[in-house]
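# Remarks on the overall topology
The primary structure of each chain is shown beneath.
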Amino acid sequence: TTVSEEKVVSWIDENLNPFTGEWVSRAILQRWGWPANKGGRERGKDYNHSTFVDLVITGLVGLRPRPSNELLVINPLLPPHIWDYFCIDGLKYHGVIITVLWDKSGLRYGHEKGFHVLINGIKVASASRPR
């Protein structure tokens, strides 16, 4: 919370208005005249938080979250024949550490070439390419 004009105001910087997509905190700051002691016009302008990372992990890398760790679903959305490699490493998920990597040549990450999934450092799945 923050205090403005002797009134406590709930404050979550990364909250979006579900109807307009507008950052709620920036709308409040605008109504207050963009006070410099609250960050002014620049506060949150270039904000990039977990929503971006979520899109990379669940979209590009393709990890599909599940309510339990009984089944790990990975369906990457990589553009074919564009990327020669990518890796997400150290991803904590349901009490385990996941690594998902694609290495066309096998020279980038010290694993053999191909698409690999590791859980706690142990290879659990491989394919010649992401699919």
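Before reading on, note that the structure itself is shown above.
It should be emphasised that the depicted structure is a prediction, and the values quoted were computed from it without experimental measurement.

Let us look at the pairing of strand β5 (residues 85-93). Examined bridge by bridge, β5 and strand β6 (residues 96-103) share 7 bridges and lie antiparallel to one another. Across the sheet, residue cysteine 87 finds its bridge partner in β6, namely leucine 101. Remark: 2 residues form the turn of the hairpin made by β5 and β6, two consecutive strands paired antiparallel; histidine 94 in that turn has positive phi of roughly 50°.

Here the phi dihedral of tryptophan 34 falls at roughly 55°; this positive angle occurs in a residue that is not glycine. By the element assignment, tryptophan 34 lies in the loop between α1 (24-31) and α2 (50-60). A positive phi angle, near 50°, is found at histidine 94, a position not held by glycine.

Here we take up the pairing of β6. Here is the key point about a regular strand: its side chains alternate between the two faces of the sheet. With 7 of 8 residues buried, β6 is to be regarded as a mostly interior element. Alignment of β6 against strand β7 (residues 114-119), held across 6 bridges, turns out to be antiparallel. Within β7, the position partnered with valine 100 by the bridge is valine 117.

Reading the values: rules and limits
Residues numbered from 1 in each chain as written. Predicted model: local features only at pLDDT ≥ 70, side-chain atom pairs only at ≥ 80, totals over all residues. Heavy atoms only, no water. Pairing = 2+ DSSP bridges. Helix = DSSP H or I, 4+ residues; strand = E, 2+ residues; numbered from the N terminus. Buried < 20%, exposed > 50% of the residue type's maximum accessible area, 1.4 Å probe, protein only.

Honestly, it's all geometry; don't read function into it.
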